[in-house]
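Residue-level structure breakdown
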Amino acid sequence: MRAVKKIVSMFAAVVALSFITFLAFSVLPGDAAEAKLGTNATPEQIEALREEMGLNDNVLVRYGRWIGGVCTGDLGKSERYGRPVSELFSVTLPNTLILAGMAFVIIVVLSFPFGLLYARYPGSIGDRAGVFVNQTFMAIPAFFMGILISVILGLGLNLFVPGAFVSYDEDLSRCAAYLFFPALAVALPKVSMTIRFLRSALLTEKRKEYVRTARSKGLGEWEILRKHLLPNALAATVTFLGVVVSEIVAGSIVIEQVFGVNGLGRLLVNSVANRDYNVVQAIVLYIGIVVIVLNGVIEAFIQKEEE
Amino acid sequence: MKRFLFTVLLLTVAAAALSGCKKGGTKDGKNGGEVVVGITQDLDSLDPHKAVAAGTKEVLYNLFEGLVKSDPSGNLVPAVAESYRISEDGKTYTFVLRSDVTFHNGKKLTAEDVIYSLKRVAGKLETSDPEVQVLAAFSVISDITSAKENDKDTIVVTLQEGNTELIGYFTASIVPCDYTEQKTKPVGTGPFKFVSYTPMSGLVMERNDSYYGKAPSLKKVTFSISESTDAAFLKLQAGEIDIFPYLTADQAAQLKDKYYIEVGEMSLVQGLFLNNKVKPFDQKEVRQAVNYAIDKDEILAILNEGKGKKIGSGVYAGFTAYYNENCVNTYSYDPEKAKQLLKEAGYPDGFTFTCAVPSNYTYHVQTAEVIASQLKKVGITMEIQLIEWASWLSDVYHDHNHQSTIIGLDSQLAPSDILKYYISGSKKNFINYESEEFDRAYNDALATTDPAQKKALYLKAQQCLADDAASVFLQSPSLMVAVRKGLTGYTFYPVYVQDMSAISEQK
């Protein structure tokens, strides 16, 4: 019963989100017809195109039409590109997913060893230095990290050519090779957070009674850390990683601009500028569903842990 | 799980290593007549009749042709038509078609295609597509028919009233009449044919081997889209781009020796446009004061390293046939005079106004910053308001709802087109300028068929704009193009195009 309630409220949140986006768009100056016809069109031509695009209808009517289409699996057509939104998604979404996926892998791969190491030797020089480095990285926003990476790793060390992005459908390995760097930019600040989180979760566990028992049984520090502390700290960390994932989705949008990645984020920014309603709606819907579902899953996970 | 993570880590490292060594490979691939051109705007349509942005037209120029086309000095030369003539009263245009033109899809060009294309851009098809950019100038056309002349197909265009300036509009692309996929797979008659297009990424075209004219030397051209000039410049420095047409002055200064720079002039009227109906710009003295307070030489020096041409009225400097060069001297830089005029107008302490600048045009934004600092010296505060392009179109251009704006106006090769923005009461008159004298000169110029008289009237119209200080006409900015050494033939036109058929690789 609770699960049903949860799903209904998640669904309502998605619908509300899409409606608010729709409303916000209708308040903005300019519309798709004007943006498309530019400076040479007469008011009559703009009016005719508006009529054809259905922009003259009431907001509610338009929203109803759009949501009706979505329910039947039709995301509509991009007015800017004259192609179905789903086609634009098939070009851009995989790039964004590769970027987000790589960022997540980098976070996991880097933060667990360091988190364990710092928790094993708390207060050591390494630990204190780590805290300092972590603080610094956490304070750098992803887009600035992106610029730093472009300048240092790209222009300085020539590891990659900033801006020379290759789409996944052209050459998957070159695409992944390029996306490693924006993924790094998204991941690094999150890596620091995850390390810190893991470290404090492990240290909290370490203070508990059972650790002394384990020690008295003659288990080594690493063994205690690996066999007892980590599994116990893992639940909280996984929850934390869930939050991180939704932040990666948001962070990728910004970073795509910095690195010129042909992904959903850049499509979103372009579509807002061109008042391409259907595309913006679809992307907001996608991001909304990812974040809301993720939060739902995390909540369910926490509840299960508590029980 | 552990093994999985390890594999992923390995893969990531391998990927990073790969990206380090891939550069050598792509460079070799570019020889043998392949060129990558960097552009900074996505294409707004692949259908030439629906394309609006100058950034789109300059690309599609290579795929499509009109009955006539512009040569590098602005003369109209035959293209799909082998010759044309205009009747003395300016009421009949006759085009003799070439008989050896085929479309990229293999279909032979017929009179029917030409009539369809012209009717489409004139908005005279029975079922009109609202996305098509209708040429307002074509509204004077009463009939388009075909005929035979010495066994050759000809197209006869009849006008309701005489107009000898219409010929520039016959550069409108000729498309096949029964083809419906223009929007996704464009088909024209140009020297290159379409291969593929990926939104936000780029467009690829290859040589049209059955082109009737001089075949291009390049085999393949890729127009690669970057989201800003900065991003494109990074690619240029890395050798990923061969030709980049939008170099800024500071980029030109740090360009590596792999490239050389071609300098041309934009066919653009860049101005600080003042809304003549809004306080304080409803007073001529105030507009004049602003004109005296702006140092155009400094703008040129800061933004173009002194290149580009100052202008003083609504026609760009490159349009020599109709350009009034006297206007540039109407207001020379004189801050004292500006202060004097402000005092007379009742603003002894200056005033504050806002200037709406479209944020996507870095060049206009930079111009605004220079102007703001110049106006400060005479006590005028200009607040720069950065707005999105869509908002600019809506608020400033269509609704005339602004105090002032900075923009560049481009045009077809017709003086009536570049001056259409100043006709009293016109929807396009976004500065709300009103002058009977200007209107009279403009209308008379349009009506006359005598070239000398036409020129005199257009010069007079420009002088009106200058004398009334309709706005501050700034400059025709310079255009700096980076071209990779080894490539030759980059050509400037008085219209905005990237002619790839002229480029060749030196052996």
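What you see is a predicted model, and the numbers here were worked out from it, not measured in a lab.

Our focus in this paragraph is the sheet that holds strand 5 (residues 92–97) of chain B. Residue and element names in this part refer to chain B. Pairing within the open sheet is antiparallel, and its 4 strands lie in the order 4-5-7-6. What marks the edges here is a single partner per strand, and that holds for strand 4 (81–86) and strand 6 (141–149). Pairs of neighbouring strands in the sheet enclose a mean axial angle of 20°, with direction left out of account. The pairing of strand 5 with strand 7 (residues 152–159) spans 5 bridges and is classified as antiparallel. Each bridged residue has a counterpart across the sheet, and for T94 the counterpart in strand 7 is V156.

Residues and elements named next belong to chain B. Per the stated rule, a full pass over the model turns up 30 salt bridges over all chains. Salt-bridge contacts for E82 lead to K152; the nearest nitrogen and oxygen are separated by 3.0 Å. On the criterion of sequence distance, the pair formed by E82 in strand 4 and K152 in strand 7 is long-range, its members being 70 residues apart. Residue class for E82 comes out partly exposed when judged on its relative accessible area of 33%. Residues joined by salt bridges that share partners form a network here, namely K50, D129, E131 and K183.

Attention shifts here to the environment of S142(B). Residue placement: S142(B) occurs in strand 6. Linking S142(B) and E161(B), residues 19 residues apart in sequence, is a C-alpha distance of 9.1 Å.

On to the nonpolar core, then. Judged by nonpolar contacts, the single largest core of 73 residues is most densely connected at F170(B) and Y422(B). With 6 residues, the top contributor of residues to this core is helix 4 (residues 111–122) of chain B. There are two domains that each give this core at least three residues, and those are domain 2 (64–179) and domain 3 (269–476) of chain B. Not counting residues up to four positions away in its chain, the partners in contact with Y422(B) are F273(B), G314(B), L409(B), N429(B), I431(B), Y433(B), F438(B), D439(B), L465(B) and F473(B). Ranked by size, the runner-up nonpolar core spans 68 residues in total, among them I46(A), V279(A), V284(A) and L487(B).

Residue and element names in this part refer to chain A. When its domains are assigned, chain A resolves into domain 1 (2–71) and domain 2 (89–306). The interface of domain 1 with domain 2 comprises 21 residues on the first partner and 19 residues on the second. Carbon and sulfur atoms supply 73% of the area buried between domain 1 and domain 2, which totals about 1,700 Å² over both sides. The interface formed by domain 1 and domain 2 holds 1 salt bridge in total. For E299, the salt bridge identified is with K6, shortest N-O distance 2.9 Å. Run the count over domain 1 and domain 2 and you get 3 residue pairs in polar contact (both at pLDDT 80 or more). Mapped onto the side of domain 1 that touches domain 2, the elements with two or more residues apiece are helix 1 (2–27), helix 2 (32–37) and helix 4 (59–71).

The rules behind each value
- Residues numbered from 1 in each chain as written.
- Chains lettered and ligands numbered in written order.
- Predicted model: local features only at pLDDT ≥ 70, side-chain atom pairs only at ≥ 80, totals over all residues.
- Heavy atoms only, no water.
- Pairing = 2+ DSSP bridges.
- Helix = DSSP H or I, 4+ residues; strand = E, 2+ residues; numbered from the N terminus.
- Axes fitted to C-alpha atoms, helices over the stretch in contact; angles between N-to-C directions.
- Salt bridge = Lys/Arg side-chain N within 4 Å of Asp/Glu carboxyl O.
- Buried < 20%, exposed > 50% of the residue type's maximum accessible area, 1.4 Å probe, protein only.
- Core = buried A, V, L, I, M, F, W, Y, C linked by side-chain atoms within 4.5 Å.
- Domains from an automatic or database assignment.
- Contact = heavy atoms within 4.5 Å.
- Buried area = accessible area lost by both parts, 1.4 Å probe.
- Polar contact = N/O pair within 3.5 Å; in protein donor to acceptor, adjacent residues only side chain to side chain.

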